[in-house]
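The primary structure of each chain is shown beneath.
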Amino acid sequence: MVTAITEGIKVSVQATYQPEYSSPHQHHYVFTYKVTIENNSPNTIQLLRRRWEVADAGQKSRIIEGDGVVGQQPILEPGYAHQYVSGCNLNSGKGKMKGHYFMERIQDGKTITVTIPEFQLIADIFHN
């Protein structure tokens, strides 16, 4: 698990290879990742957008942007957390992801760019 903290907002990510959905002989590797966002700041925040950079070994990185996370734009009061699971497909068994959440501080509308720490996507076949 990797963690980053930005202005009191803690983002932790844990990735898992999904062999039952992958086909290595067809260059198709599936990973899931669980994200926990903890609001340790004194302010209420709302997650509005996300921007991911996905690097697949031996290929160009790709950018994935969009509103919210898994169809939600959660509001987190101080001391609360939001957790979700999402996934990523790669053409190789090794890669990495990192990015940012764009959040709004409810009290004054200030935008906060929150770091999503870089994490590795490594198929189990490479751990032997």
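For the structure given in this document, a descriptive report is provided here. Quick caveat: nothing in here was measured; it's all calculated off a predicted structure.

With respect to unusual backbone geometry
Line of reasoning, step 1. Phi is positive for H27, close to 55°, though the residue is something other than glycine.
Line of reasoning, step 2. Tracing the backbone through its elements, the reader meets H27 in the loop between β2 (9-17) and β3 (29-39).
Line of reasoning, step 3. Backbone geometry at V70 places phi at a positive 40°, although glycine is not the residue there.
Line of reasoning, step 4. By secondary structure assignment, the location of V70 is in the loop between β5 (62-67) and β6 (75-76).

Overview of the sheet that holds β3
Line of reasoning, step 1. Taking strand neighbours across the sheet as the criterion, the four strands line up as β1-β2-β3-β7 in an open arrangement whose pairing is antiparallel. Looking along the sheet, the strands with just one partner apiece sit at the ends: β1 (2-6) and β7 (81-90). Recorded for the sheet is a direction-independent mean angle of 20° between the axes of neighbouring strands.
Line of reasoning, step 2. Taken together, the five bridges between β1 and β2 define a ladder with antiparallel strand orientation. Bridging across to β2, V2 finds its partner in V13.

Topic: the pattern of salt bridges
Line of reasoning, step 1. In this structure the tally under the stated criterion is six salt bridges.
Line of reasoning, step 2. The closest approach of N and O atoms between E65 and R51, which form a salt bridge, is 3.9 Å. Taken together, the residues E65 in strand β5 and R51 in strand β4 (residues 45-56) connect sequence positions 14 residues apart.
Line of reasoning, step 3. Its relative accessible area of 32% is what places R51 among the partly exposed residues.
Line of reasoning, step 4. Residues R105 and D108 are paired through a salt bridge, measuring 2.5 Å at the closest nitrogen-oxygen approach.
Line of reasoning, step 5. Overall, R105 belongs to the buried group, its relative accessible area being 17%.

Looking at the packing of aromatic side chains
Line of reasoning, step 1. A complete count under the given rule lists six aromatic pairs for this structure.
Line of reasoning, step 2. Seen from their ring centres, Y17 and F31 are 5.4 Å apart, and the 50° between their planes marks the pair as tilted. In this pair, Y17 is assigned in strand β2 and F31 in strand β3, connecting sequence segments 14 residues apart. For the pair formed by Y17 and F31, the shared burial category is buried.
Line of reasoning, step 3. Members of the aromatic cluster, each reached through a chain of ring pairs, are Y33, W52, Y101 and F119.

Parameters at a glance
Residues numbered from 1 in each chain as written. Predicted model: local features only at pLDDT ≥ 70, side-chain atom pairs only at ≥ 80, totals over all residues. Heavy atoms only, no water. Helix = DSSP H or I, 4+ residues; strand = E, 2+ residues; numbered from the N terminus. Pairing = 2+ DSSP bridges. Axes fitted to C-alpha atoms, helices over the stretch in contact; angles between N-to-C directions. Salt bridge = Lys/Arg side-chain N within 4 Å of Asp/Glu carboxyl O. Buried < 20%, exposed > 50% of the residue type's maximum accessible area, 1.4 Å probe, protein only. Phe/Tyr/Trp six-rings, centres within 6.5 Å; stacked < 30°, edge-to-face > 60°.

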